[in-house]
Amino acid sequence: MDELSGSDEQAAGDEPAQRCGLIAIVGRPNVGKSTLMNALVGQKVSITSRKAQTTRHRITGILTEGDTQFVFVDTPGFQTKNQSALNKSLNKAVTGSITDVDLILFVVEAGNFSLKDAQVLSLFEGRIPAILVANKLDTMHRRSELAPWLKNMSERHQFAEYVPMSAKNPKDIARLLNVCKGYLPEQEWWYDQDELTDKSERFMAAEMVREKLFRLTGDELPYTSTVLIDKFTEEPGKTANRMIRIAATIVVEREGHKAMVIGENGDRLKRIGTEARVELEKLMDAKVFLELWVKVRSGWSDDATRLRAYGYE
Ligand SMILES: Nc1nc2c(ncn2[C@@H]2O[C@H](COP(=O)(O)OP(=O)(O)OP(=O)(O)O)[C@@H](O)[C@H]2O)c(=O)[nH]1
């Protein structure tokens, strides 16, 4: 009997320790940070678009695989040009997010290194291990240039690892996860195994509308437009388990932008609403009713008080 309980204890002690840690994804706008995080987490938690600066908040994506919980922080692209209140707030979010993490993924486009990339790199203190993610490898035409470019990168900063890859290639994503794992400390997980993000559904609703807004207006609409959630209520559904009613306002800076968002006969606004609703239903596993409004508030991106009211620090 004694012997039996002794072997039970042995078995419990042999369980693999849990690993868990924070990984910041940083880089200049448009290098593919959000695409990378969504691929790493395996679900859309951060919005992406071809328009630069679509990411404005620190977004946490969580992946629990085997004994490891990866907690990713997606940061806004570092703004170097315009010193508006919005851009200053974005830059603060970047510097804040790389000081208290276990690992940094520094994302650049393979074969490229511009002044903007250098400005982001200059924020690294060297205390935290950084992996160079040379993304968009699929778009690099002359592969022979990769080795000398990597060597040049190693002279700029002592990276812990060099990973040339494409965020759109699942094999590369698996390889990167494996590399990241080695840098996470042994400690208990912070989140439940099936949690994907620590952001509220209300926040995700605003993000999803913003993504569709940017995708469907192309380059015409300035990135200063934003989305506010006016109403978010959940009711027991008749056909689905959950039913969520959302009313949101798209805030733009000029009358002309308002017309652009609404489109001819309201067509564009309708499409933004439909596409956002479909994605939200998938994400929330609920029936969603989404009502959209457009409002003009000129100069909001330069108004610190209003920024705070809109949720930007
Ligand atoms: N060909 C190719 N395109 C990619 C890859 N990764 C991302 N992209 C594209 O690059 C564009 C920008 O990607 P995002 O993920 O929004 O970039 P971001 O760095 O988060 O941008 P900001 O939000 O502006 O900071 C999108 O059109 C992506 O589809 C890749 O590996 N290969």
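Residues numbered from 1 in each chain as written. Predicted model: local features only at pLDDT ≥ 70, side-chain atom pairs only at ≥ 80, totals over all residues. Heavy atoms only, no water.

### Topic: the pattern of salt bridges
Tallied over the entire structure, the rule returns 17 salt bridges. Across the pair Arg210 and Glu207 runs a salt bridge whose closest N-O atoms are separated by 3.0 Å. Of this pair, Arg210 and Glu207 both sit in helix α7 (residues 201-217), three residues apart, roughly one helical turn. Each member of the pair, Arg210 together with Glu207, is buried. (Salt bridge = Lys/Arg side-chain N within 4 Å of Asp/Glu carboxyl O. Helix = DSSP H or I, 4+ residues; strand = E, 2+ residues; numbered from the N terminus. Buried < 20%, exposed > 50% of the residue type's maximum accessible area, 1.4 Å probe, protein only.)

### Points about the environment of Ile23
Inspection of the secondary structure assignment puts Ile23 in strand β1 (residues 19-26). Given the relative accessible area of 0%, Ile23 is considered buried. For the pair Ile23 and Phe70, spaced 47 residues apart in sequence, the C-alpha separation works out to 7.1 Å. Ignoring sequence-local partners within four residues, the contact set of Ile23 consists of Phe70, Val71, Phe72, Val73, Leu103, Leu105, Cys180 and Leu184. (Contact = heavy atoms within 4.5 Å.)

### Quick look at α7
In an α-helix, one turn spans 3.6 residues, which is why side chains three or four residues apart end up on the same side. Here α7 contains 17 residues, and its C-alpha end-to-end distance of 24 Å stays within 8% of the 24 Å for a straight helix at 1.5 Å per residue. With 14 of 17 residues buried, α7 is to be regarded as a mostly interior element. Gly218 sits one or two positions beyond α7 and adopts a positive phi of about 65 degrees. (Expected span 1.5 Å × (residues − 1).)

### With respect to the environment of Val227
By the secondary structure assignment, Val227 is in strand β7 (residues 226-236). The exposure class assigned to Val227 is buried, which follows from its relative accessible area of 8%.

### Thoughts on helix α6 (residues 170-181)
Compared with the 16 Å implied by 1.5 Å per residue over 12 residues, the 17 Å span of α6 between its first and last C-alpha is a close match. Where α6 begins, one side-chain oxygen reaches toward the backbone nitrogen of Lys171, 2.9 Å away; that side chain belongs to Asn169. (Polar contact = N/O pair within 3.5 Å; in protein donor to acceptor, adjacent residues only side chain to side chain.)

### Section: the sheet that holds strand β8 (residues 242-252)
In spatial order, the strands read β7-β8-β9; together these three strands make up an open sheet with mixed pairing. Taken across any chain shown, the strands that pair with only one partner, and hence form the sheet edges, are β7 and β9 (287-296). Each strand axis lies, on average, 15 degrees off the axis of its neighbour in the sheet, ignoring direction. Two strands pair when backbone bridges link them, and β8 and β9 are joined in this way by 10 bridges, in the parallel orientation. Within β9, the residue paired with Arg245 across the bridge is Phe289. Contacts between helix α8 (residues 255-262) and the sheet are confined to β8 and β9, with β9 contributing the most and set at about 155 degrees to the helix. Its contacts with the sheet place helix α9 (residues 267-284) against β7, β8 and β9, and it is angled at close to 140 degrees to β9. (Pairing = 2+ DSSP bridges. Axes fitted to C-alpha atoms, helices over the stretch in contact; angles between N-to-C directions.)

### What about the side chain of Lys212?
Take Lys212: it is sitting in helix α7. In this structure the side chain of Lys212 is engaged in a polar contact, spanning 2.9 Å, whose partner is the side chain of Glu279.

### Side note on the packing of α8 against α9
One can describe the packing of α8 onto α9 by two numbers: an axis separation of 5 Å at closest approach and a directional angle of 65 degrees. Residue-level contacts link Met260, Val261 and Ile262 of α8 to Asp267, Arg268, Leu269 and Ile272 of α9.

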